[in-house]
Amino acid sequence: MTRTDGYLLDNRQTEAAEHFSACAALFDPTTFRHLEELGVGSGWRCWEVGAGTTVVSWLAKKVGPTGRVVATDTDTARLASAARPPVEVRVHDLGGQEPPVEGFDLVHARLALVHVTDRERALRSMVKALRPGGRLLVEDADPALQPLLCPDEHGPEQQLANRLRHGFRRLLADRGTDLPCGRTLPRLLRDAGLTRVHADAYFPLASPACAALESVTIRQFRDQLVTAGLATDQDIDRHLENVTSGALDLTTAPMISAWGRKQ
């Protein structure tokens, strides 16, 4: 989901496209594996919530000309290139609107619930959009399970990285952004009425994709960190040099994927 009101990672920033590309490189393989295991295929009707172009394109190829992919977000500018059959792009607010359509075989949302205040309501909306037997796949991070950028904090470079990561999450909290708690997803899916609920976690370590994501993210919020007194420009420049050097074993918060079926 795109959010620009008070959210640090403003999709109108010049780095936004790079941020989306880094997220895709890091998380697409896991997402695609789950979608394959759920059986997405020809003729399926899918709703991609808070849509990213790579997932939309993958779904479009899978469902083919007889299928349908409804791609939604509050800001759909970056989806313009994907808006051709079988893809339909719609402006939609998951937290405040009814489903755009019902009767889907699949609903998928990745890193979307962080921008929704009432997650239970959002999940009920996604479940409502499913046909009987349809599948829901929700993927969200859980920073509290592993809050560090460098789990092996053995030197000053790693300590600086972890201090900046803590500052970033403090900024999010100060702006009222409720960091996602992926560990709750299985329970929330069951509470929403789904059956055959399962979940797993993706926890990359020392991946080049982690470095790419960290580099663009730190550049996006450096001004806010400095203004809040949580870091200096010198701190940030030094950290970016450390990231570029490849000497840091970076990671992300575990990405929890949870899925279930509507009765």
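Student: I tried to follow the packing of helix 4 (residues 156-174) against helix 7 (residues 233-245) on my own but got confused; where do I start?
Tutor: Two quantities define a packed helix pair, namely the angle between the axes and the distance from one axis to the other. Running from amino to carboxyl end, helix 4 crosses helix 7 at an angle of 120°, the nearest separation of the two axes being 10 Å. In this structure, helix 4 crosses over helix 7, and the sense of that crossing is left-handed. Across from Glu157, Leu160, Ala161, Arg163 and Leu164 in helix 4, the residues of helix 7 making contact are Asp235, Arg238, His239 and Asn242. Of the residues in the contact of helix 4 with helix 7, the class split is 3 nonpolar, 2 polar and 4 charged.

Student: Just checking my understanding: could you explain the pairing of strand 7 (residues 255-262) for this structure?
Tutor: The side chains of a regular strand alternate between both faces of the sheet. For strand 7, the buried fraction is high: 6 of the 8 residues fall into the buried class. When strand 5 (residues 130-141) meets strand 7, the two strands line up antiparallel, connected through 7 bridges. Along strand 7, the bridge assignment pairs Leu136 with Gly260. As defined by bridge partners, strand 6 (residues 194-202) adjoins strand 7 across 7 bridges and the pair is classed as antiparallel. Bridged to Ala199 within strand 7 is Ala258.

Student: Explanation requested: the confidence of the model for the protein chain in the structure shown.
Tutor: Where the model shows low pLDDT, its predicted coordinates should not be examined in detail. Residues of the protein chain with pLDDT of at least 70 account for 94%, and the chain-wide mean is 91. Contacts of residues 1-9 to residues separated by more than four positions or lying in other chains number 37 contacts, the stretch itself having pLDDT below 50.

Student: Help me understand the packing of aromatic side chains, please; the structure alone is not making it clear to me.
Tutor: Any pair of aromatic rings gets described here by the distance separating the centres and the angle formed by the planes. A complete count under the given rule lists 4 aromatic pairs for this structure. Ring geometry for Phe32 versus Trp58: centroids 5.0 Å apart, planes at 5°, classification stacked. With Phe32 in helix 1 (residues 16-37) and Trp58 in helix 2 (residues 53-63), this pair connects stretches of sequence that are 26 residues apart. Summarising the burial analysis for this pair, Phe32 and Trp58 share the class buried. Ring geometry for Phe168 against Phe221: centres 4.2 Å apart, planes inclined by 15°, an arrangement best described as stacked. Of this pair, Phe168 sits in helix 4 while Phe221 sits in helix 6 (residues 208-227); the two residues are 53 residues apart in sequence, bridging distant segments of the chain. You can call Phe168 buried: its relative accessible area is 11%.

Here is what the cut-offs are and how they apply
- Position labels on residues start from 1 in each chain and follow its written sequence.
- Selection of residues for local features in this predicted model requires a pLDDT of at least 70, selection of side-chain atom pairs for listing and counting requires 80 or more, and totals for whole chains, interfaces and linings are taken over all residues.
- As a rule here, side-chain values come from all non-hydrogen atoms in the structure, and water together with hydrogens is ignored.
- Axes here mean lines fitted to C-alpha atoms, for a helix over just the part in contact, with angles spanning 0 to 180 degrees between N-to-C directions.
- Only DSSP runs of H or I covering at least 4 residues are called helices, and only runs of E covering at least 2 are called strands; the numbering of each starts at the N terminus.
- By definition, any crossing whose near helix is turned counterclockwise from its far helix by less than a right angle is left-handed, and any crossing with a clockwise turn is right-handed.
- Here, residues are in contact when the closest pair of their heavy atoms is within 4.5 Å.
- Note on residue categories: nonpolar means Ala, Val, Leu, Ile, Met, Phe, Trp, Tyr, Cys or Pro, charged means Asp, Glu, Lys or Arg, and polar means any other residue, Gly included.
- Buried means the residue's accessible area, taken with a 1.4 Å probe over protein chains only, is under 20% of the maximum for its type, while exposed means over 50%, and partly exposed covers the values in between.
- When DSSP finds two or more bridges between two strands, those strands count as paired.
- Scored from 0 to 100, pLDDT records how confident the predictor is in each individual residue.
- Any pair of Phe, Tyr and Trp rings, taking the six-membered ring for Trp, is counted once the centres come within 6.5 Å. Such a pair is stacked with planes under 30 degrees apart, edge-to-face with planes over 60 apart, and tilted for the rest.

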